[in-house]
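Working through the structure, step by step
Residues per chain are reported as follows:
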Amino acid sequence: MDLEVKGVAASPASQAQAMSGRKKPLQQGWTSKSWGVEDPCLPVVPRLDLGSLVDSDDEEQDIIPNNLPAPTDKYKLKYQQYKTEVKEGHKQYSQRNTEKTKPQITHQQTPSKKIDEKCVQGAEADTDDLTTLDRKALLQQGYADNPPIAQRSTRRSDAEIVAAEKKKQTVTEQVMTDHLSRAVISDPEQNVTTEKQSARILQDSKMAPLRGRKRTLHETKIKTHSTLTENMLSHKVQFDGRVISRNGRDACRELVGFFFTHDQSLTIYEYRQFGKNRTNVLPFIQKNIYCHQRGRRKGKQYQLGDFYVGANLTFLSSDHPGLPGSIKENTLLTLRITNVDQIALHSLNCRTDSVEHDDITNQEANDRLVFKAIQDVLREQLHKRGVRILTRLGKYLRQVDKEGNGLLNKADFKQALEVFDLEVSENDFESLWLILNDNDNGKVDYGEFKRAIIGEMNEYRKSFVRKAFMKLDFNKTGSVSTIDIKKCYCAKKHPQVMSGHFTEEEIKSSFLETLKDACSKSEEVSYGEFEDYYEGLSIGIVDDEDFVHILRTPWGI
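To keep things clear, this report deals only with the structure shown in the data block. (Residues numbered from 1 in each chain as written. Predicted model: local features only at pLDDT ≥ 70, side-chain atom pairs only at ≥ 80, totals over all residues. Heavy atoms only, no water.)

**Remarks on helix H18 (residues 459-472)**
- Here H18 is 14 residues long and its end C-alpha atoms lie 20 Å apart, about the 20 Å a rise of 1.5 Å per residue gives.
- All buried positions along H18 are accounted for by Glu459, Arg461, Lys462, Phe464, Val465, Arg466, Ala468, Phe469 and Leu472. (Helix = DSSP H or I, 4+ residues; strand = E, 2+ residues; numbered from the N terminus. Expected span 1.5 Å × (residues − 1). Buried < 20%, exposed > 50% of the residue type's maximum accessible area, 1.4 Å probe, protein only.)

This is how it looks when you write it as structure tokens:
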């Protein structure tokens, strides 16, 4: 009989040996059949010796035959090659693991070190006296080597033209509304009573005087003596302007002005945009007749010939109580004209004869010649190191200005020129000082001094610098953190990155390093510092479109 215990079949022979080997008789009541099913004792299985399965040197020696032929030279060569390849692969694998386990700080320093080495290598072929910081700043000029796609550039310029026209239309409508409707209602002449009205008020003692009660619509005149007509207001020149200020929030204000030829008055409005669709237009300088507050034309009334791109308009802050507090801190408010409606200007010039002061015009021409002579000498010295010198010069002057009002004396400016090796002859410096110190108080604004000796980029270039900063400064605080700058700066389209000579991180780190060198605060960049950086970069770029492309590409404006 075959037995099967736990899936193991037993043969008859093994069953017989198990039965014969049992010496004790079966207990009473148990049969052979019942024992075979219920007896828990299984057949004895020989024990497995695991120690005998372990490899030993003796067994290996026994396994290897002794009559093998000796290896040939060809086999030995292949073996050596294989051994070398295995060792080299293991070495590279170990190096990759070591780089992965390095701390994160080491990775952050790597792009800067790599670009330092590349800049030093480039210095061997360059005979100019340039530092590593100068070469890092010059890397930004590489964007001009990669011209934009014509179709994309045209599409972007068309969108800018549409936005400018929309802005112009919005401001013009607001000006017309204010001076054709609101000006009539709020005219003081509305509160003056006529003789008939006075007699009627005396007869009816119950009616209160007009000045003491609210004027009704029926008592409001449609037209007063000072009421303007749409025909009068149509003879105007529209211009865009900006505030010349060290405060970034004020410097980025969008101003739109109008000069009216019928009474030689002007007004300026501020255009504000909230998001994409919401806009607001508010009066910044009330409509009135104004005069120059400084310069050769001080005390002279503004005329049509005073409005051109690059001209300065000066106002007394005390005459305008509605100005922001940051602007009223200064005695004078200086506005720079950035754009003028040339068609309207030419049309009005043909109709009117503006009075020109020949003596003043000649003096202003001589002043510009003095400035140009000094600027030509210094800009030649700053051709390739303009970023480093201008940013550090601005930082130095801010540190010297202990009072914080932006005014320094003659000795401070002379010392600054010596510190930065800017050579200006004594005669040129004295001529410059006589022009700038027109108030005879012995102090000059250092921003004005820097613009006079070095010059400044044109308003077309400056408009794109403001656009880039306004994109970064979305909270309108006048300063931007370096973290936000690093997030917004994109170096993917830099020619050196596209060619593989530099990585995107290396170009970005070089830009941040040169920009931080200009900052008074380590983790914050003000508008003045941002402008100084691109002011220095602009010196070595001749074409305006190349400079604009340097700003458009990394900032996406």
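**Some thoughts on empty space enclosed by the protein**
- Within this structure, the stated rule accounts for 4 cavities of 30 Å³ or more.
- In this structure, the second largest cavity occupies an estimated 50 Å³ of space.
- If you trace the second largest cavity, you find it lined by Asp134, Ala137, Leu138, Gln141, His383, Lys384, Arg385, Gly386, Val387, Arg388, Gly536 and Leu537.
- For the lining of the second largest cavity, the secondary-structure elements that each account for two or more residues are helix H6 (132-138), helix H14 (386-400) and helix H22 (527-539). (1 Å grid on protein atoms, 1.4 Å probe; cavity = no way out; pocket = protein on both sides within 12 Å on 5 of 7 lines; lining within 4 Å. Points joined across faces, edges and corners; volume = space filled by probe spheres on them.)

**A short note on the side chain of His320**
- By secondary structure assignment, the location of His320 is in the loop between strand E7 (312-316) and helix H11 (325-328).
- The exposure class assigned to His320 is buried, which follows from its relative accessible area of 6%.
- The contact partners of His320, leaving out residues within four places of it in the chain, are Ile285, Gln286, Tyr290, Phe315 and Lys328. (Contact = heavy atoms within 4.5 Å.)

**Some words on the pairing of strand E6 (residues 278-288)**
- For strand E5 (residues 265-274) and E6, the ladder comprises 8 bridges, and the chain directions are antiparallel. Pairing of Tyr271 across the sheet is with Val281, part of E6.
- Taking the residues between adjacent antiparallel strands as the criterion, E5 and E6 are bridged by 3 residues, where Gly275 takes a positive phi near 75°. (Pairing = 2+ DSSP bridges.)

**Some points on helix H12 (residues 342-351)**
- For H12, the complete set of buried residues consists of Ala344, Leu345 and Leu348. Down the axis of H12, the buried set is contained in an arc of 100°. They therefore lie on one face. More than 90 degrees from the buried face of H12, the exposed residues found are Ile343, His346 and Cys350.
- The inward-facing, buried residues of H12 abut strand E3 (236-243) and strand E8 (332-340). (Arc of directions from axis to C-beta.)

**With respect to the sheet that holds E8**
- Strands sit in the order E6-E5-E4-E3-E8-E7 across an open sheet of 6 strands; the sheet is antiparallel. In this open sheet, the two edge strands, each paired with only one partner strand, are E6 and E7. Each adjacent strand pair in this sheet contributes to an overall mean axis angle of 35°, direction not counted.
- In terms of strand pairing, strand E4 (residues 254-260) meets E5 through 7 bridges, oriented antiparallel. (Axes fitted to C-alpha atoms, helices over the stretch in contact; angles between N-to-C directions.)

**Some remarks on the side chain of Glu535**
- For Glu535, the location among the structural elements is in helix H22.
- Ignoring sequence-local partners within four residues, the contact set of Glu535 consists of Leu390, Gly455, Glu456, Met457 and Lys462.

**Overview of the packing of aromatic side chains**
- This model, assessed by the stated rule, comprises 22 aromatic pairs.
- Ring geometry for Phe413 versus Phe449: centroids 4.0 Å apart, planes at 25°, classification stacked. Taken together, the positions of Phe413 in helix H15 (residues 410-419) and Phe449 in helix H17 (residues 446-454) put the pair 36 residues apart, joining distant regions of the chain.
- These aromatic residues form a ring-pair network of at least three members: Phe469, Tyr489, Phe511, Tyr527, Phe530, Tyr533, Tyr534, Phe547 and Trp555.
- The lysine or arginine in question, Lys467, covers the ring of Phe464, its NZ or CZ lying 4.7 Å from the ring centre. (Phe/Tyr/Trp six-rings, centres within 6.5 Å; stacked < 30°, edge-to-face > 60°. Lys NZ or Arg CZ within 6 Å of the ring centre and 35° of its normal.)

**Details of a negative patch on the surface**
- A cluster of like negative charges, contributed by Asp145, Asp543, Glu545 and Asp546, occupies part of the molecular surface.
- Within the secondary structure, Asp543 is located in the loop between H22 and helix H23 (544-555). (Patch = residues over 30% accessible without salt bridge, like charges linked within 9 Å, V, L, I, M, F, W, Y side chains within 5 Å. Areas by Shrake-Rupley, 256 points an atom, 1.4 Å probe, with all protein chains shown as cover. Salt bridge = Lys/Arg side-chain N within 4 Å of Asp/Glu carboxyl O. Lys, Arg positive; Asp, Glu negative; His and termini not counted. Charge placed at Lys NZ, Arg CZ, Asp CG, Glu CD.)

**Things to note about the nonpolar core**
- Counting 36 residues, the largest nonpolar core has Ile485, Ile507, Phe511, Phe530, Tyr534, Leu551 and Trp555 as the members making the most contacts within it.
- For this core, the elements supplying multiple residues, two or more each, are H18, helix H21 (504-516), H22 and H23.
- Residues contacting Phe511, with those up to four places away along its chain left out, are Gln140, Ile485, Tyr489, Tyr533, Tyr534 and Trp555. (Core = buried A, V, L, I, M, F, W, Y, C linked by side-chain atoms within 4.5 Å.)

**Regarding the pattern of salt bridges**
- Under the definition given, this model contains 31 salt bridges.
- Of the charged contacts in the structure, one is a salt bridge between Arg253 and Glu270, with a shortest N-O distance of 3.0 Å. With Arg253 in the loop between helix H10 (248-251) and E4 and Glu270 in strand E5, this residue pair connects regions lying 17 residues apart in the sequence. Like Glu270, Arg253 is buried.
- In this structure, Lys521 engages Glu524 in a salt bridge whose closest nitrogen and oxygen atoms are separated by 3.6 Å.
- A relative accessible area of 53% means that Lys521 is categorised as exposed.
- Counted as one network, the salt bridges with shared partners bring together Arg242, Arg336, Glu456, Glu459, Lys462, Glu531 and Glu535.

**With respect to the packing of H22 against H23**
- Look at H22 against H23: their axes get within 10 Å of each other, and the N-to-C directions meet at 135°. By the angle class used here, H22 and H23 are oblique. When the axes of H22 and H23 are compared, the crossing they make is right-handed. Contact residues: Phe530, Tyr534, Leu537 and Ser538 in H22; Phe547, Ile550, Leu551 and Trp555 in H23.
- In terms of residue class, the contact of H22 with H23 is made up of 7 nonpolar, 1 polar and no charged. (Parallel < 35°, antiparallel > 145°, perpendicular 65-115°, else oblique. Left-handed = near helix turned anticlockwise from the far one by under 90°. Nonpolar A, V, L, I, M, F, W, Y, C, P; charged D, E, K, R; others polar.)

**Remarks on unusual backbone geometry**
- Despite not being glycine, Gln264 has its phi angle at roughly 60°, a positive value.
- Assignment of secondary structure puts Gln264 in the loop between E4 and E5.
- One non-glycine residue, Lys476, lies in the positive phi region at around 60°.
- Within the fold, Lys476 resides in the loop between H18 and strand E11 (479-481).

Just geometry here; none of it tells us what the structure is for.
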